[in-house]
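# Structural overview
What follows is each chain in one-letter form.
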Amino acid sequence: MDLPLLDIDVIRSFVAIAESGGFSRAAATVHRTPSALSMQIKRLEEMLDQPLFIREARQVRLTPQGEALLGYARRLLKLNEETVGHFLQPALSGRVRLGSPDDVGTRILPRVLARFARTHPAVQVDVLAGRSVDLVQRLNDGDLDMTLVTVGNDGLEPTLGEVVHSEPLVWAGRDGGLAVQRRPLPLSLANQGCAWRRVALAALDHAGIDYRIAYSSEHCAGQEAAMLADLAVAPFPQSLVKPPLRRLDEDGALPELGHYQIALVRGAAGPAHDALAGEVKAAFRDYR
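Residues numbered from 1 in each chain as written. Predicted model: local features only at pLDDT ≥ 70, side-chain atom pairs only at ≥ 80, totals over all residues. Heavy atoms only, no water.

A separate point is the pattern of salt bridges. It is possible for side chains bearing opposite charge to pair when their charged atoms get close. Taken as a whole and judged by the stated rule, the model has 15 salt bridges. One salt bridge in this structure joins Glu 162 and Lys 281, with 3.4 Å as the shortest N-O distance. You can see Glu 162 sitting in strand β6 (residues 162-174) and its partner Lys 281 sitting in helix α10 (residues 271-287), a full 119 residues away along the chain. Its relative accessible area of 25% is what places Lys 281 among the partly exposed residues. (Salt bridge = Lys/Arg side-chain N within 4 Å of Asp/Glu carboxyl O. Helix = DSSP H or I, 4+ residues; strand = E, 2+ residues; numbered from the N terminus. Buried < 20%, exposed > 50% of the residue type's maximum accessible area, 1.4 Å probe, protein only.)

What follows is the structure in structure tokens.
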């Protein structure tokens, strides 16, 4: 049996509704009326024989089937963009120098560099990993064209650059480990200037929990090693907490740390720079 083909315009409308939370808000994005969007989604639901949205008074929410479709839809739009761009966009060349904190480099940059190399093979991308404070200084000195930073670092304004990612910062440690029970609480942290370190120490001080800095490392792998050995606990992005690590603050024994944000700060402009910046932002949207 021949399967029906998805209409890319309908997929674009579906993603806009899912990301904005409503037909009216999405209408302005895709330049259609809310009623036209409603008809598109109705036809899409009929084609897939699945309900995609739960319609409420002030917003719409994705059904489980809609959540599954959203991942496919984003990839379809990205593939469509890459395909059309391959034939219609002028070939870009040159060099872009990108800075990145260590944790971002392990999570996001591999997919950014892989996709960018496919769409713009003549552009050379140089990557420098380091502390956010140092990366901003390198940007100001002209050594970088753009950099990702953890905003809220000592010396960095929370409004610096364009925020491209936000997620909870949580306490993590070895599943079944004893480090979390020890007092003073052993910590594995980055050195001075790290937003995670500052937030974690302030939260422990406010909660009146005695602690000691047992291990220091500028790299996530070093902090994770101390947790895996059950020698310390650490503040970690929620998305990086994977077995045999587990989140430790859900029972209230350790103070909440809130969210942290990653921003893209640009110091140079041009077609190649714009293209890479767009790829970085797209990678973070997919990561969510």
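Here we take up the nonpolar core. General note: in soluble globular proteins, nonpolar side chains tend to be found buried as a group. Counting 49 residues, the largest nonpolar core has Leu 148, Trp 171, Leu 187, Val 233, Phe 236, Leu 254 and Phe 284 as its most contacted members. By residue number, the principal contributor to this core is α10, which donates six residues. Counting 21 residues, the second largest nonpolar core, distinct from the first, contains Ala 16, Ile 17, Ala 27 and Phe 53. (Core = buried A, V, L, I, M, F, W, Y, C linked by side-chain atoms within 4.5 Å.)

Relative to each other, helix α1 (residues 8-20) and helix α2 (residues 23-30) sit at 130°, their axes nearing to 8 Å. What the angle tells us is that α1 and α2 run oblique. Judged by the twist between their axes, the crossing of α1 over α2 is right-handed. In this structure, α1 uses Arg 12, Ser 13, Ala 16, Ile 17 and Ser 20 to contact α2, whose residues at the interface are Phe 23, Arg 25, Ala 26 and Val 30. Of the residues contributing to the contact of α1 with α2, the split by class is five nonpolar, two polar and two charged. (Axes fitted to C-alpha atoms, helices over the stretch in contact; angles between N-to-C directions. Parallel < 35°, antiparallel > 145°, perpendicular 65-115°, else oblique. Left-handed = near helix turned anticlockwise from the far one by under 90°. Contact = heavy atoms within 4.5 Å. Nonpolar A, V, L, I, M, F, W, Y, C, P; charged D, E, K, R; others polar.)

With that settled, consider the packing of aromatic side chains. Summed over the entire model, instances satisfying the criterion amount to four aromatic pairs. Plain terms: the ring middles of Trp 196 and Phe 236 are 6.1 Å apart, the flat faces sit at 70° to each other, and that makes the pair edge-to-face. Taken as a pair, Trp 196 in helix α8 (residues 195-207) and Phe 236 in strand β9 (residues 234-237) lie far apart in primary sequence, 40 residues in all. For the pair Trp 196 and Phe 236, one class covers both residues: buried. Site record: aromatic cluster; members linked through ring pairs are Phe 14, Phe 23 and Phe 53. (Phe/Tyr/Trp six-rings, centres within 6.5 Å; stacked < 30°, edge-to-face > 60°.)

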